[in-house]
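Residue strings, one per chain:
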Amino acid sequence: MNDYKLLTPGPLTTTKSVKEEMLKDRCTWDDDYKSITQTIRKQLLQLAQVNEATYTAVLMQGSGSFVVESVLTTAIGEKDKVLIITNGAYGERIVEMAQVMRLSHVVYSVPYDEQPSPTEVQAILEADVAITHVAMVHCETTTGILNSIEEIGQVVKSFDKTWIVDAMSSFGGVPMNIAALQIDYLISSANKCIQGVPGFGFVIAKMEELQKCQGQARSVALDLYSQWQAMNVDGKWRFTSPTHVVAAFAKALEELLTEGGVETRYKRYLHNNRLLRTRLNAAGFKAYITEVWQSPIITTFLFPYDGFSFTHFYEEVKKAGFVLYPGKLTDMDTFRVGNIGDIHEADIQVLCDVIENYMAVTSNEN
Ligand SMILES: *Cc1c(COP(=O)(O)O)cnc(C)c1O
């Protein structure tokens, strides 16, 4: 198998040094390992621009969805009701979780290429006083749209509701001050913008909120409160932790800081995303999301002409060393290009050369 560059939203292309951390075996109850966990927790709070007096970081085994489920089951009690705002598949996944968990919930859904309206959220909260929690995705990885957690969050907090944000594909790649954004639970995972490998996720929680959740989870393994209590003692995870992944993540965090922190990484992502959009637009590919709402993370492109074969295109681009991502829209033919991970301007330039060349050759054939 060749070493492809993954232009996907995670798992993504990681550095060799991050991968090399996984060549050692580590012991879960040894202090050396537990201190890695504690350092990670501290550094996550720093990235979130919050302090240990009011916020805590809790790590949880599993992929990102496990951690979303963990927050829902732990934070939302039997007498509570959650408003779920959706404009993509990841928001819809939260709805599915709420259904399966039999959480009392209401959905406010807008088309995939539109932003949820703060005025509408306000009207819903005014009309339904039973709502206690509001959940929304930040970067909807389905399309690449970046939802306004500032505007919606202000409305949510003006009604004093608990504010849950799935920032899976944006945290670490888009600067955020969690306290200023008044987020109560922010969820993300190891294999997105922090550029680690998959195996666990994490929650940055307002302690005052998490403190209220003892005994509330209807799950043992996904009980975020119990995980927090155990981890708070000395960094020990309750059940077997993904030791190799945790070590790789610690290295990835170190490399994020060396790169210059979240702000610098954001600039790299933004630059590469704009370059990608500009060059592909010139080559005949229209982006699905309007530029002002486009995240610097992942972009959805429409098929450029009738009869375009994504399978053929994908294989040709793969031969050149890049793996693209299929689209996730049901009513339109699209594909996606992610630009997070250890991907640099030179990679995007080569990718765009390859795609331009593909278009030149295939349109000659047409
Ligand atoms: C990646 C992602 C998730 C989690 O997906 P998993 O496949 O469970 O890791 C959740 N929400 C968003 C917005 C994501 O991008």
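As the structure is a computational prediction, the values presented were derived from the model and not from experiment.

**Points about the overall build of the protein chain**
At step 1: The helix and strand inventory of the protein chain stands at 12 helices and 14 strands.
At step 2: Its C-alpha atoms give the protein chain a radius of gyration of 21 Å, near enough to 21 Å, the size a compact globule of 366 residues would have.
At step 3: Burial analysis of the protein chain (366 residues in total) assigns 56% to the buried set.
At step 4: Excluding contacts between residues fewer than 6 apart, the proportion of contacts in the protein chain whose partners are at least 24 apart in sequence is 71%.
At step 5: Charged side chains in the protein chain number 32 positive and 44 negative. The centres of these two groups are separated by 4 Å.

**Some details on the packing of aromatic side chains**
Geometry of an aromatic ring pair is reported as the spacing of the ring centres plus the angle between the planes.
At step 1: Inspection of the entire model under this criterion finds 20 aromatic pairs.
At step 2: Taking the centre distance of 5.9 Å and the plane angle of 45° together, the rings of Phe-202 and Phe-249 count as tilted. With a gap of 47 residues between them, Phe-202 in strand S10 (residues 200–206) and Phe-249 in helix H9 (residues 243–259) connect regions that are remote in the sequence.
At step 3: Accessibility expressed as a relative area gives 0% for Phe-202, which makes it buried.
At step 4: Among the residues examined, Phe-249 registers a relative accessible area of 0% and is labelled buried.
At step 5: Seen in terms of ring centroids, Phe-310 and Phe-313 are 6.4 Å apart; in terms of plane orientation they differ by 50°. Their pairing is tilted.

**A short note on the environment of Ile-178**
At step 1: Assignment of secondary structure puts Ile-178 in the loop between strand S8 (162–166) and strand S9 (185–189).
At step 2: On a C-alpha basis, the gap between Ile-178 and Val-323 in space is 33 Å, while along the polypeptide they are 145 residues apart.
At step 3: For Ile-178, the residues in contact, after removing those within four places along its chain, are Ala-48, Val-50, Tyr-55, Phe-171, Ile-183 and Leu-186.

**Brief notes about the sheet that holds strand S14 (residues 334–338)**
At step 1: A sheet is described by the order of its strands in space; here 3 strands give the open sequence S11-S14-S13, paired in antiparallel fashion. On the outer flanks of this sheet lie strand S11 (298–302) and strand S13 (325–326), each paired with one strand and no other.
At step 2: Contacting S11 and S14, helix H10 (residues 262–282) crosses the sheet at an angle of about 10° to S11.

**Observations regarding the pattern of salt bridges**
At step 1: A complete count under the given rule lists 14 salt bridges for this structure.
At step 2: The partner of Glu-21 in a salt bridge is Arg-26, and the shortest N-O contact between them spans 3.3 Å.
At step 3: Assessed through its relative accessible area of 21%, Arg-26 is described here as partly exposed.
At step 4: A salt bridge links Arg-279 to Asp-353, with the nearest nitrogen and oxygen atoms 2.6 Å apart. Taken as a pair, Arg-279 in helix H10 and Asp-353 in helix H12 (residues 345–365) lie far apart in primary sequence, 74 residues in all.
At step 5: Judged by relative accessible area, which is 15%, Arg-279 ranks as buried.
At step 6: Members of the salt-bridge network, linked through shared partners, are Asp-31, Lys-34 and Asp-234.

Rules behind the numbers
- Residues numbered from 1 in each chain as written.
- Predicted model: local features only at pLDDT ≥ 70, side-chain atom pairs only at ≥ 80, totals over all residues.
- Heavy atoms only, no water.
- Helix = DSSP H or I, 4+ residues; strand = E, 2+ residues; numbered from the N terminus.
- Rg over C-alpha atoms; globule rule 2.2 N^0.38 Å.
- Buried < 20%, exposed > 50% of the residue type's maximum accessible area, 1.4 Å probe, protein only.
- Contact = heavy atoms within 4.5 Å.
- Lys, Arg positive; Asp, Glu negative; His and termini not counted.
- Charge placed at Lys NZ, Arg CZ, Asp CG, Glu CD.
- Phe/Tyr/Trp six-rings, centres within 6.5 Å; stacked < 30°, edge-to-face > 60°.
- Pairing = 2+ DSSP bridges.
- Axes fitted to C-alpha atoms, helices over the stretch in contact; angles between N-to-C directions.
- Salt bridge = Lys/Arg side-chain N within 4 Å of Asp/Glu carboxyl O.

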